[in-house]
Structures are given as C-alpha cells and as structure tokens.
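# Coordinate analysis (summary)
Each chain, letter by letter, is given below.
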Amino acid sequence: MEKFVILKAKALELGLSAEDVVRHWWHEKELSQDFLQCLLCDSELLKADSGNIKVKMFYYAEDKTFSEKLIPCKQVSGVVGDVDKTGRHGLITMLHQKILPWSSDELSVGLPDGLNGKENTRLIMETAGLQKQKAEAAEYCANYALDGIQAGEAFFASHYEMSRVCKNYKLVNETLCQIKGADVLLDSHEYWTSSEKQSGKAMFVNGKQAFVDRSIGKWAKLYVCPVVAF
C-alpha cells in the first residue's frame, strides 16, 4: 500500500488527478474495456453477510460474491436456488448435472433421519469406502470441481434441501439460461437426493412435486445436481 501512497503523491506533484491517470492509461490502451467494466460492476457485488441474497442470483466462487446481473468478466460458478429468511444462508445449484444411479451396488448406509446433505454425503462416502461399493451420485457431488468450485465444496442435497431448490426451478432457470453451457433444472425429470428411504431405496424430487415423499431403487438412473451451501 505504501507504493500506492507514493504514486498518488507523485501524481499530485505533477498536477494529475486519479481520473487523469486512468484516462491516460485508457487512451494508451494500458487498461482494457473489460477491466474498466469490472470496476464499474464491483459495486453490484454482494456478500452473503449483507442479508440481501435472493433466489436466482449469480454466484462467483473466486471471491464468494453474488450479483443480480451477469458480470461478464467474472466466472460464474452457480445460481442461488434457495435462501432462508435472513437472506444470508441458502443453497447454490451448480451449473452441471449428470444422470447417475444413487448406487449401482445398492449401497445401504443407514442414514439417520433429519441430517443435511453435507452430513449425508460424508457418511455415504465413508460407508462406500469401507464397504468398497459404488455411490455414484454422492461421489459426483463430492468430487465436483468445475467453474471455480473446488472438490469437497459441493455436496449431495438432502430430500428437504433439494425440494426447496426444485420449488424455485422456474426462477433458477431464468438465470441458468443466461449462462453458456449451463444445464437447466428440468421439472419433468426426477432428481436424486441423498436421503435414504429403506436399505435399497432413496428419495427423489422434481419441480412439480417438490416436497412429495417418493422413493425408488438405488440402481435407478436419475438426474444429480450438486449444491453448495452459503
């Protein structure tokens, strides 16, 4: 920071304002239009602790910020799919989905009722490792590392969590459709959740019947959409 103080003092000594310096650098093509646009857009970025986060906002993992409008020079990592009443906590849907079985080996974990997706994911992965069985849906979520998201950040949402996201699918899709290459949430297709129903079954949801208690054999191939909590 001391160097910038010296630079500012030198500019003032030469009779130059900060605006004069930036204007000169712009004319000399030392500053790109994208960079200047980013500076203008920075004022639109929000942090979760602002209490102003809303469903369908863009999420940028690099600095954990959110915006209502797409900021071209930042890498979008996901879209807000659910927010609590405080506007500070919720779930972010990732931009990519896969069609996978919950477990092609029909892994039985014995998950306690009421756990969140992050806890479910940890237990599923631990049990799969101990029993040397596959848990494809949880593995995809736990290992998800795209668009600035680091492996281990995302998880396999519980039935309650995925239901809350699916009920907002229309709003979420309005934003997803603005992101090149992003997969939209399909209301007519079923999405796995990390919640077990019985030893051989797990629960799933869709946009039309988000909170309905439905389950199917873990061998079935359904959509899987990783989420990140904030």
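This text follows the structure it describes.
Residues numbered from 1 in each chain as written. Predicted model: local features only at pLDDT ≥ 70, side-chain atom pairs only at ≥ 80, totals over all residues. Heavy atoms only, no water.

This part is about the nonpolar core. Of all hydrophobic cores here, the largest spans 60 residues; its most connected members are Phe66, Ile124, Phe156 and Trp192. When residues in this core are grouped by element, the largest group, four residues, is from helix 5 (residues 136-142). Here Ile124 is in contact with Trp102, Leu107, Val109, Leu111, Ala135, Ala138, Phe156 and Ser194, once residues within four sequence places are set aside. (Core = buried A, V, L, I, M, F, W, Y, C linked by side-chain atoms within 4.5 Å. Buried < 20%, exposed > 50% of the residue type's maximum accessible area, 1.4 Å probe, protein only. Helix = DSSP H or I, 4+ residues; strand = E, 2+ residues; numbered from the N terminus. Contact = heavy atoms within 4.5 Å.)

What follows covers a nonpolar patch on the surface. On the surface, Phe4, Leu7 and Trp25 cluster together to form a nonpolar patch covering roughly 320 Å² of accessible area. Tracing the chain through its elements places Trp25 in helix 2 (residues 18-27). (Patch = residues over 30% accessible without salt bridge, like charges linked within 9 Å, V, L, I, M, F, W, Y side chains within 5 Å. Areas by Shrake-Rupley, 256 points an atom, 1.4 Å probe, with all protein chains shown as cover. Salt bridge = Lys/Arg side-chain N within 4 Å of Asp/Glu carboxyl O.)

Okay, helix 7 (residues 169-176) next. Buried within helix 7 we find Tyr169, Val172, Asn173, Thr175 and Leu176. Buried positions in helix 7, seen along its axis, are confined to an arc of 160 degrees and lie on one side of it. On the buried face of helix 7, the contacting elements are strand 1 (58-60), strand 3 (78-83), strand 4 (90-94) and helix 6 (159-166). (Arc of directions from axis to C-beta.)

This brings us to the side chain of Ser194. Positionally, Ser194 belongs in strand 6 (residues 191-198). Here Phe156 takes part through its backbone oxygen, which lies 3.0 Å from a polar atom of the side chain of Ser194. There is a polar contact of 3.4 Å between the side chain of Ser194 and the backbone nitrogen of Ser158. Among all residues touching Ser194, those that are not within four sequence positions of it are Trp102, Leu111, Gly117, Asn120, Ile124, Phe156, Ala157 and Ser158. (Polar contact = N/O pair within 3.5 Å; in protein donor to acceptor, adjacent residues only side chain to side chain.)

This paragraph deals with the pattern of salt bridges. Per the counting criterion, the structure on display carries nine salt bridges. Its salt-bridge partner being Lys54, residue Glu68 comes within 3.9 Å of it at the nearest N-O pair. Of the two residues, Glu68 is situated in the loop between strand 2 (65-67) and strand 3 and Lys54 in the loop between helix 3 (33-41) and strand 1; the sequence distance between them amounts to 14 residues. Assessed through its relative accessible area of 57%, Glu68 is described here as exposed. By relative accessible area, Lys54 is classed as partly exposed at 46%. A salt bridge links Lys74 to Glu62; the shortest N-O distance between them is 3.1 Å. Within this pair, whereas Lys74 is found in the loop between strand 2 and strand 3, its partner Glu62 is found in the loop between strand 1 and strand 2, the two being separated by 12 residues in sequence. Judged by its relative accessible area of 14%, Lys74 falls in the buried class. In this structure, a network of salt bridges that share partners links the residues Glu62, Asp63 and Lys74.

Within the open sheet, the five strands sit side by side as 2-1-3-4-10. Their pairing is antiparallel. In the strand order of this sheet, the two ends are held by strand 2 and strand 10 (227-229), each with one partner. On average, adjacent strands in this sheet sit at an angle of 40 degrees to one another, irrespective of strand direction. Against the sheet, helix 6 makes contact with strand 3 and strand 4, and its axis sits at roughly 105 degrees relative to strand 3, the strand it touches most. Set on the sheet, helix 7 makes contact with strand 1, strand 3 and strand 4; between it and strand 3 the angle comes to about 160 degrees. (Pairing = 2+ DSSP bridges. Axes fitted to C-alpha atoms, helices over the stretch in contact; angles between N-to-C directions.)

Outside of glycine, negative phi angles account for most residues, and trans bonds account for most peptide bonds. In this model, Lys64 sits at a positive phi of 55 degrees, which is unusual for a non-glycine residue. Summarising the element assignment, Lys64 is placed in the loop between strand 1 and strand 2. Phi is positive for Lys132, close to 55 degrees, though the residue is something other than glycine. Note on placement: Lys132 falls in the loop between helix 4 (117-131) and helix 5. Taking relative accessible area as the criterion, Lys132 reaches 75% and is therefore assigned exposed.

That's the geometry; what it means functionally is another story.
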